[in-house]
Amino acid sequence: MKLLIKNGRVIDPGCKQDEVMDLLVENGRIVKKETQIKECEKELNVIDAKGCFVMPGFIDLHVHLREPGLEHKETIATGARAAARGGFTTICAMPNTKPVIDNVDRLRFVLNKSEQVAAVHVCQVGAVTVSQMGEELADIEGMVKAGAVAISEDGKSVMNVRLYEEAMSLAQTLDIPVLAHCEDKNLVGAGVLNKGKKSEELRVDGISNLVEDIIVARDIMLAKETKVKLHLCHCSTKDSVLMVEEAKKKGILVTAEVCPHHFSLTEDDIVEGDTNYKMNPPLRTKEDVEALKLGLKNNIMDVIATDHAPHHKSEKALSMKDAPFGIVGLETAAALTITELVEKGYLTPMQMAEKLSFNPAKVIGLDKGTLEVGKTADITILNPDREWTVDTEEFASLGKNTPFAGKKLRGQIMATIVDGEVVYRHK
Ligand SMILES: NC(=O)N[C@@H](CC(=O)O)C(=O)O
Ligand SMILES: [Zn+2]
Ligand SMILES: [Zn+2]
């Protein structure tokens, strides 16, 4: 069956084109991109994308799928459906499952299961160390040969610098990036929220900017030394942005991501007792948020990734101190990007497509992120003007843990297409 997407504003970072055009998809690929495509075959599925952005399918470098072992939070199937609803056609699963994805068998389990049950493409990230214990290296080479697209210790930092240097050198040889969660274990202690006004007001331990900054500095130096491609996960501080800018100027191979919650909310938005405002790194100050937004605008920050971190209701029902860190993000990311960045003039629609698709594809070396003729038809259709209210009951994710519940956002995913098949269509 052929698919014709008509009258959309086609935004293609691959050839820097932003024009109203039609796209024809056949056998899972884009076969025509023209001002007006006339097709009169009966066997044709037509989507009218008038008034919509037609972008290369979004690619999320940072997702927690929770399977194996934590299926009460999320499964591969539900997480992938949430991705489809959010306009993501490829997601990268972090390895902090139970057990941790630190060997070939476990990696194969996720990839095989994803083939069977996932509505979107699933890539797997391998752990850096065995069981993420920080003591001995995982089978990095084996996992990369079996398809791992990157390595990461996400959830924590590798505190042993000698071990991390070895892992980075290996990753460099294998030509995969290291996705770095930057948090000094000793400095963070029992921190819960950003250290300052809010942590004092709510009488919980604080997490200073230094907790992140010190490890960002360290990891950039390690990347300089090992020449590995370093990708900094969920950057939250103004000094992270400064350091990334400096590192890039020096030719160090660093890229950086910002999560929608970190550019949409500050610590002042935290509602007492609502653990849906608790995530790692924490919501920072207005100054940090402004630096992140300008970092995105000035293309210092390359990627928007969700850090989709579903938790069960009973876990998030604990106190601010005891509840787990993390919020879901797949089903609100595109709308937050439109509402907070595109509408407010920080990003052009082209930059949005770069940060949600083209750049993440580059980070992990995927031949995706463009809408050029001949490429795989992974496509996202989004209406930038439509307003909707976040209703967690409608989420495909098992995780309902979001601070954006009940919020009115602009920008609605109308259709998500994977390998030429429509995997999500807004009613
Ligand atoms: N971000 C979070 O607050 N939580 C993540 C771990 C992580 O991304 O560091 C999780 O796995 O729940
Ligand atoms: Zn992390
Ligand atoms: Zn994470």
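Bear in mind that the values here come from a model prediction, so they are computed numbers and not experimental data.

A. Structural context of the sheet that holds strand β14 (residues 254–258). Read from one edge of the open sheet, 8 strands run β6-β7-β8-β9-β10-β13-β14-β15, paired in parallel fashion. Two strands bound the open sheet, and with one partner strand each, they are β6 (58–63) and β15 (303–304). By the bridge criterion, 2 bridges tie strand β9 (residues 150–152) to strand β10 (residues 178–180) in an arrangement that is parallel. What sits directly across from Ile151, in β10, is Val178.

B. Layout of the packing of helix α4 (residues 161–174) against helix α7 (residues 209–226). The N-to-C vectors of α4 and α7 enclose an angle of 45°; their axes lie 10 Å apart at closest approach. When the interaxial angle is binned, α4 and α7 end up oblique. For the element pair α4 and α7, the recorded crossing hand is right-handed. Taken together, the residues of α7 that come into contact with α4 (itself represented by Val161, Tyr164, Glu165, Met168, Ser169 and Gln172) are Arg218, Leu222, Ala223, Glu225 and Thr226.

C. Region of the structure containing the UniProt feature "active site" (unreviewed entry) in the protein. Summarizing the sequence annotation, UniProt attributes the feature "active site" (unreviewed entry) to Asp307 in the numbering used throughout. By secondary structure assignment, the location of Asp307 is in the loop between β15 and α11 (313–316). In contact with Asp307, other than residues within four places in its own chain, are His62, His234, Cys259 and Gly329.

D. Just the UniProt feature "domain: Amidohydrolase" (unreviewed entry) in the protein, in detail. Under the UniProt annotation, the feature "domain: Amidohydrolase" (unreviewed entry) is placed at residues 332–424. Its end C-alpha atoms 15 Å apart, residues 332–424 is made of 27% helix and 28% strand.

E. Main features of the site of ligand 1. In the region of ligand 1, the neighbouring residues are His64, Asn96, Asp154, Gly155, His181, Met279, Asn280, Asp307, Ala309, Phe325 and Gly326. Broken down by class, the residue content of the shell around ligand 1 amounts to 3 nonpolar, 6 polar and 2 charged.

Procedures and definitions
Residues numbered from 1 in each chain as written. Chains lettered and ligands numbered in written order. Predicted model: local features only at pLDDT ≥ 70, side-chain atom pairs only at ≥ 80, totals over all residues. Pairing = 2+ DSSP bridges. Helix = DSSP H or I, 4+ residues; strand = E, 2+ residues; numbered from the N terminus. Axes fitted to C-alpha atoms, helices over the stretch in contact; angles between N-to-C directions. Parallel < 35°, antiparallel > 145°, perpendicular 65-115°, else oblique. Left-handed = near helix turned anticlockwise from the far one by under 90°. Contact = placed C-beta atoms within 7 Å. UniProt positions renumbered as here; feature names shortened; annotations may be inferred. Near = placed C-beta within 6 Å. Nonpolar A, V, L, I, M, F, W, Y, C, P; charged D, E, K, R; others polar.

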